[in-house]
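Inside the fold
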Amino acid sequence: MSTVRRKPVLVRALLPIAALLLAGCPDPMKKYSLDPRALVANGLDEQSARAAAPFGDELVRYLLGKSRSGGDEFILRVDFEPGGFAPVMDTIGDVEALLIVMRDFPSLEITIEGHTDNAGDAQKNQKLSQWRANWVKQFLLERGIEDNRIAAEGLGDSVPIADNATERGREKNRRLVVRIVNYAGKPINVHLKRQREKLSEGRSTAQ
């Protein structure tokens, strides 16, 4: 009797494993779906996720060939304590997204630029910006990204993008920037699955 009772439990336990084997185990590192199903791509959850965390989405789309007004520069939204070089840890979502993108695009090479406002001593600002850029680089290195793919440069207050006379301007000038240095050494020419299918259909028709 005890054996008969155990069989349904064993079957129920094996069903999820069988389902995983049939479907294929997903790579936990591949968090981006570059060609999502239409229902997902057009869903409110997908749209709200992109609006809440645009960094990774914009970077991936750029690497797939989509032009953007900011060109090859992407701002990392990270908060630091005043005068500190380590970020507030619950604000490093963009850095984590950068890690995933670099894993998914193994030929991508970047420079991380640190910038400050002009408050205080210029030399100290330069050192602080370098420390912050170094922190991001070290974060990526410790998680397996090769050293030759990442440069870190502290530019201090030498490249403002807003008026340092206002608090809002100073806030904009305090930033970390990811600059695309190289991607396979040539213009990006990557097609999504749907685009490849259309190209294939066009060739078949022409023949």
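Description of the structure in this document. These numbers were taken from a predicted model, which means no experiment stands behind them. (Residues numbered from 1 in each chain as written. Predicted model: local features only at pLDDT ≥ 70, side-chain atom pairs only at ≥ 80, totals over all residues. Heavy atoms only, no water.)

A few words on the pattern of salt bridges. Scanning all chains against the criterion turns up 13 salt bridges. Residue D72 is joined to R179 by a salt bridge in which the shortest nitrogen-to-oxygen separation is 4.0 Å. Placement of D72 in the loop between α4 (54–63) and β1 (73–76) and of R179 in strand β4 (residues 175–183) is noted, with a sequence separation of 107 residues between them. D117 is the partner of R174 in a salt bridge, and the nearest nitrogen-oxygen pair spans 2.6 Å. Taken as a pair, R174 in the loop between α7 (167–173) and β4 and D117 in the loop between β2 (108–115) and α6 (122–141) lie far apart in primary sequence, 57 residues in all. Connected via shared salt-bridge partners are D72, E73, E113 and R179. (Salt bridge = Lys/Arg side-chain N within 4 Å of Asp/Glu carboxyl O. Helix = DSSP H or I, 4+ residues; strand = E, 2+ residues; numbered from the N terminus.)

Once that is clear, we can look at the pairing of β2. The element β2 is largely enclosed, with a buried count of seven among its eight residues. As defined by bridge partners, β2 adjoins β4 across eight bridges and the pair is classed as antiparallel. Bridged to E109 within β4 is N182. Looking at chain direction, β2 and strand β3 (residues 150–154) are connected through five bridges and run parallel. Within β3, the residue paired with E113 across the bridge is E153. The parallel pair β2 and β3 is bridged by α6, and the resulting crossover is right-handed. (Buried < 20%, exposed > 50% of the residue type's maximum accessible area, 1.4 Å probe, protein only. Pairing = 2+ DSSP bridges. Right-handed = clockwise from strand over helix to strand, strands pointing away.)

This brings us to α6. The first and last C-alpha atoms of α6 sit 29 Å apart over 20 residues, in line with the 28 Å expected at 1.5 Å per residue. On its buried side, α6 packs onto β1, α5 (93–104), β2, β3 and β4. A side-chain oxygen of the first residue of α6 lies 3.1 Å from the backbone nitrogen of Q123; this N-cap is D121. (Expected span 1.5 Å × (residues − 1). Contact = heavy atoms within 4.5 Å. Polar contact = N/O pair within 3.5 Å; in protein donor to acceptor, adjacent residues only side chain to side chain.)

Centre distance and the angle of the planes are the two values used to describe a pair of aromatic rings. Evaluation of the coordinates by the stated rule reveals five aromatic pairs. On the numbers, 5.6 Å between centres and 70° between planes, the contact of Y62 with F74 is edge-to-face. Of the two residues, Y62 is situated in helix α4 and F74 in strand β1; the sequence distance between them amounts to twelve residues. Judged by its relative accessible area of 2%, F74 falls in the buried class. Over the ring of F139 we find R143; its NZ or CZ atom is 3.7 Å from the centre of that ring. (Phe/Tyr/Trp six-rings, centres within 6.5 Å; stacked < 30°, edge-to-face > 60°. Lys NZ or Arg CZ within 6 Å of the ring centre and 35° of its normal.)

The calculated volume of the second largest pocket comes to roughly 540 Å³. Lining the second largest pocket we find 23 residues, and of these V78, D79, E171, R174 and R175 sit closest to its centre. For the lining of the second largest pocket, the element with the highest residue contribution is α6, accounting for four residues. Of the residues in the lining of the second largest pocket, the class split is eight nonpolar, six polar and nine charged. (1 Å grid on protein atoms, 1.4 Å probe; cavity = no way out; pocket = protein on both sides within 12 Å on 5 of 7 lines; lining within 4 Å. Points joined across faces, edges and corners; volume = space filled by probe spheres on them. Nonpolar A, V, L, I, M, F, W, Y, C, P; charged D, E, K, R; others polar.)

Don't take any of this as a statement about function, it's just geometry.
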